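The chain contents come next:
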Amino acid sequence: MDEDDLENFAVPITHVRDSIGFYYQHVAESERPLVIQRYRQRSVVMVPLWEWRWLKRLEAKVRAGEPFTMEDKTDEH
C-alpha cells in the first residue's frame, strides 16, 4: 500500500468515535485497512484480526532471525 492509498482511507479520529460500528463493519467485510488520523498524525491502522495475527507471526520470525516468505498463510485465511 503506497502513500496515496493511505490518503484515500485516512479517517479523522472524531469520525471514528462517532461511527466505530460502521468502520468495524467496513474493515471486516472489505478486508481493507483503515488509517485513523488524529491531529494530522496517522499512527494507527485498523485491520482485520486475521491480518494482524499474520503480521505478528511475521514480525516474530523477523525478530528471531527465522526465514519467512510473504506466502506464509494464516490459519484463518
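Cut-offs used in this document
Residues numbered from 1 in each chain as written. Predicted model: local features only at pLDDT ≥ 70, side-chain atom pairs only at ≥ 80, totals over all residues. Heavy atoms only, no water. Core = buried A, V, L, I, M, F, W, Y, C linked by side-chain atoms within 4.5 Å. Buried < 20%, exposed > 50% of the residue type's maximum accessible area, 1.4 Å probe, protein only. Helix = DSSP H or I, 4+ residues; strand = E, 2+ residues; numbered from the N terminus. Contact = heavy atoms within 4.5 Å. Polar contact = N/O pair within 3.5 Å; in protein donor to acceptor, adjacent residues only side chain to side chain. pLDDT = per-residue confidence, 0-100.

Soluble globular proteins: nonpolar side chains tend toward being buried together. In terms of nonpolar packing, the biggest core is built from six residues, these being V11, V16, Y23, V27, L34 and I36. Mapped by element, the contributors of at least two residues to this core are α3 (20–30) and β2 (34–38). If we ignore the near neighbours within four places in the chain, the residues touching V11 are V16, Y23, L34, V35, I36 and Q37.

This part is about the environment of S30. Among the secondary structure elements, S30 is positioned in helix α3. S30 sits in the partly exposed class, given a relative accessible area of 30%. It is 9.1 Å that separates the C-alpha atoms of S30 and P48, two residues lying 18 residues apart in sequence. A distance of 2.6 Å separates a polar side-chain atom of S30 from the backbone oxygen of H26.

With 82% of its residues at a pLDDT of 70 or more, the protein chain shows a mean pLDDT of 82. Averaged pLDDT values over the elements of the protein chain bottom out at 58 in helix α1 (residues 3–8) and peak at 91 in helix α4 (residues 49–64).

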